[in-house]
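Topology and contacts: notes
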2 protein chains.
Amino acid sequence: MVRDSGACVSVALDAMGADLGPEVAIKGADLVLSGAVPCKHKVHLSIYGKESAVLPVLGKYKLVEKNSVFIDTPDAVLCDDRPSFALRHRRKSSMWCAIEDVKKGVVASAVSAGNTGALMAISRYLLGTLQGIDRPAIATVLPSRKGSFVALDLGANAECAPGLLFQFAIMGRAFARAVLGVEHPKVGLLNIGAEDTKGTYNIQEAFALMRDAKQDINFYGYVEAKEAFDGVADVVVADGFSGNIMLKTCEAVAGLTLHILKKEICSSLMGRAAMRILRSCYFKRTSGSALDVRSYNGAVLLGLNGIVVKSHGSADATAFAHAIKEAVCVISQGDMAKEMISEVSNG
Amino acid sequence: MVRDSGACVSVALDAMGADLGPEVAIKGADLVLSGAVPCKHKVHLSIYGKESAVLPVLGKYKLVEKNSVFIDTPDAVLCDDRPSFALRHRRKSSMWCAIEDVKKGVVASAVSAGNTGALMAISRYLLGTLQGIDRPAIATVLPSRKGSFVALDLGANAECAPGLLFQFAIMGRAFARAVLGVEHPKVGLLNIGAEDTKGTYNIQEAFALMRDAKQDINFYGYVEAKEAFDGVADVVVADGFSGNIMLKTCEAVAGLTLHILKKEICSSLMGRAAMRILRSCYFKRTSGSALDVRSYNGAVLLGLNGIVVKSHGSADATAFAHAIKEAVCVISQGDMAKEMISEVSNG
């Protein structure tokens, strides 16, 4: 893995992946470069996409044009491409070329809003997994009552053997150190109760592995979904199926709650008056709010020989900027991968 | 199953299960009897508990005292009793006696806020499952952008074979007809994507069973957690593990969203002014709000020869009243069980 020397880090942007088109990535880059979405480090960008689609947009964002190189890629991964199809037939796509440049060390990381399955397959194929890691996992940061926590896997592996869940614990700890800045992250295992008879066979076996680990993984034990959002652990390990259900339910219910709240408040005269005040002083500036789901955009494919960040397909520019920020944050913690390898091999 | 003739339905209350003590059930009953939490039918109650704990409370609620019989039970199931222990050693508990009276036909249903595992085990043991149903499931109603939907299983069966998930679809449909009043409920299967390569083996096999069913189950296909809360289906079928994760995440994130919102609004002077108005006109009367999680209290143990409703252990009186209301609603749909049996046997 490349670690940028000095304060400038290089990020590859797949400009073709977002549902809303190439402007998402480029305007997102502009928000980062201009400081509207603040980043720890100076960023230099490599932008991958079809010339005809990207160059006209790039012309509108002078700051991005000045601080980037553009790489014309004739093909793009489509949202309904199967991973196996993308692996065989999309080798000239923006996604492929961006990840290939991570492998070559041309850039330190890649960010894409494209097809998750294809991104995972191409990343695994080109970068390979870290020594001792069987399969990569998707990880992100979610909000809790105490701040935030790292959750993984969020959908890369629907079914997980106990040993894989154990690897996720180690990967999640290294990731939490990097992005949350917690030195000794507490690791919880997602379950449907605290009693040791609860949950599936795989979860119960993973519990035993974590409890008896030679490595000190600071194991908290089982956490229920409610406790995860209370903030009892810094890392919540799950199989990709239940992790994905937790993530998607979280996003859906946060939106639904605000939707119902606004509707109910506006059903009375007094409520509408209060809402008018809130619109001027609060809802206008949600971009800084902990409730702005866009600020949680950017899931990292952990366990690879290189850094790849997945943005939501439906991301807007602000959300995409947060995915870039996430990539920069992980790059600047250059020893995350080394840490994972050393902890896994200590087992 | 007993169906009450006339408009008065009889409900057994386990007064010993709630974390906050017997007053929860009794005050909850008072809210129903007084009409504060409105019910479709007149209710007569049988209250089960330890005399020393219940009678002093009962004396404070004259309306409940007048419309109930009290059954002194010397024992109670504890929250950390294992199901197998409760089955063997809690045969004189309030929970056991309440369910036994459902079996005998003395009451039409039982409501308990006690230990879920014990409640499920005792209910299964005493009532048995409906013909053609292998295992009961826990079902409840959750809010969506279009109103509400039925979700099951919420934790009774952590691992589910495809055939069991299919039975849940049929049970969920009958339940949705009863509690949502939808004549032809759409059934969705919870998954982590819409593509047919997504999800676990069991989910993919269950998909095939539902798609190819002889019965018309009005199968919508896969739903992601986000779509479930958008309201694309009336019934969302899941294994008990992911269903529980969805339920607990929903409850946690609804609370977390309001928590963050209030904190952020109150961080500015204008926001505090708006909040003062909202407190007087909105947050005061949350008992009627779609955001009041208490109104979703009451999960039904489906697939049994009798109606048993589980209240949250942490329920307050208002929440418990909603669990009673749920029981009454299901009782008044006396043919739900018959419907399940006939549809399962048609397969």
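Residues numbered from 1 in each chain as written. Chains lettered and ligands numbered in written order. Predicted model: local features only at pLDDT ≥ 70, side-chain atom pairs only at ≥ 80, totals over all residues. Heavy atoms only, no water.

Attention now moves to a positive patch on the surface. Together, Lys262, Arg272, Arg276 and Arg279 of chain A make up a positively charged patch on the protein surface. With respect to the helices and strands, Arg279 of chain A occurs in helix H11 (residues 269-281). (Patch = residues over 30% accessible without salt bridge, like charges linked within 9 Å, V, L, I, M, F, W, Y side chains within 5 Å. Areas by Shrake-Rupley, 256 points an atom, 1.4 Å probe, with all protein chains shown as cover. Salt bridge = Lys/Arg side-chain N within 4 Å of Asp/Glu carboxyl O. Lys, Arg positive; Asp, Glu negative; His and termini not counted. Charge placed at Lys NZ, Arg CZ, Asp CG, Glu CD. Helix = DSSP H or I, 4+ residues; strand = E, 2+ residues; numbered from the N terminus.)

Quick look at the environment of Leu180 of chain A now. Residue and element names in this part refer to chain A. One can find Leu180 in helix H7 (residues 162-180). For Leu180, a relative accessible area of 23% puts it in the partly exposed group. Setting aside chain neighbours within four positions, we find Leu180 in contact with Val141, Ser148, Phe149, Val150, Phe175 and Asp234. (Buried < 20%, exposed > 50% of the residue type's maximum accessible area, 1.4 Å probe, protein only. Contact = heavy atoms within 4.5 Å.)

A separate point is the packing of helix H7 (residues 162-180) of chain B against helix H12 (residues 317-331) of chain B. To characterise two packed helices, one gives the angle between the axes of the helices and the distance between these axes. Residue and element names in this part refer to chain B. Interaxial distance between H7 and H12 falls to 9 Å at its minimum, and their mutual angle equals 110°. Judged by the inter-axis angle, H7 sits roughly perpendicular to H12. Side by side, H7 and H12 meet where Phe175, Ala178 and Val179 of the first sit next to Glu326, Cys329 and Val330 of the second. Tallied by class, residues from the contact of H7 with H12 come to 5 nonpolar, no polar and 1 charged. (Axes fitted to C-alpha atoms, helices over the stretch in contact; angles between N-to-C directions. Parallel < 35°, antiparallel > 145°, perpendicular 65-115°, else oblique. Nonpolar A, V, L, I, M, F, W, Y, C, P; charged D, E, K, R; others polar.)

We now examine the interface of chain A and chain B. Frequently, the measure chosen for interface size is the accessible area that the parts lose on association. Across the contact, 57 residues belong to chain A and 57 residues belong to chain B. If you sort the residues of chain A by the area they bury against chain B, Arg145, Ile192 and Phe241 of chain A come out on top, with a joint share of 14%. Between the two partners, chain A and chain B, sit 2 salt bridges. Here Lys248 of chain A and Glu224 of chain B are joined by a salt bridge, their closest N and O atoms 2.6 Å apart. Counting only elements with at least two residues in the side of chain A that touches chain B, the list comes to strand S5 (137-144), helix H8 (201-211), helix H9 (225-230), helix H10 (240-265) and H11 of chain A. Here the side of chain A that touches chain B takes 21 residues from H10 of chain A, the largest share from any one element. Counted by class, the side of chain A that touches chain B contains 29 nonpolar, 18 polar and 10 charged residues. (Buried area = accessible area lost by both parts, 1.4 Å probe.)

Purely spatial values, then, with no claim about function.
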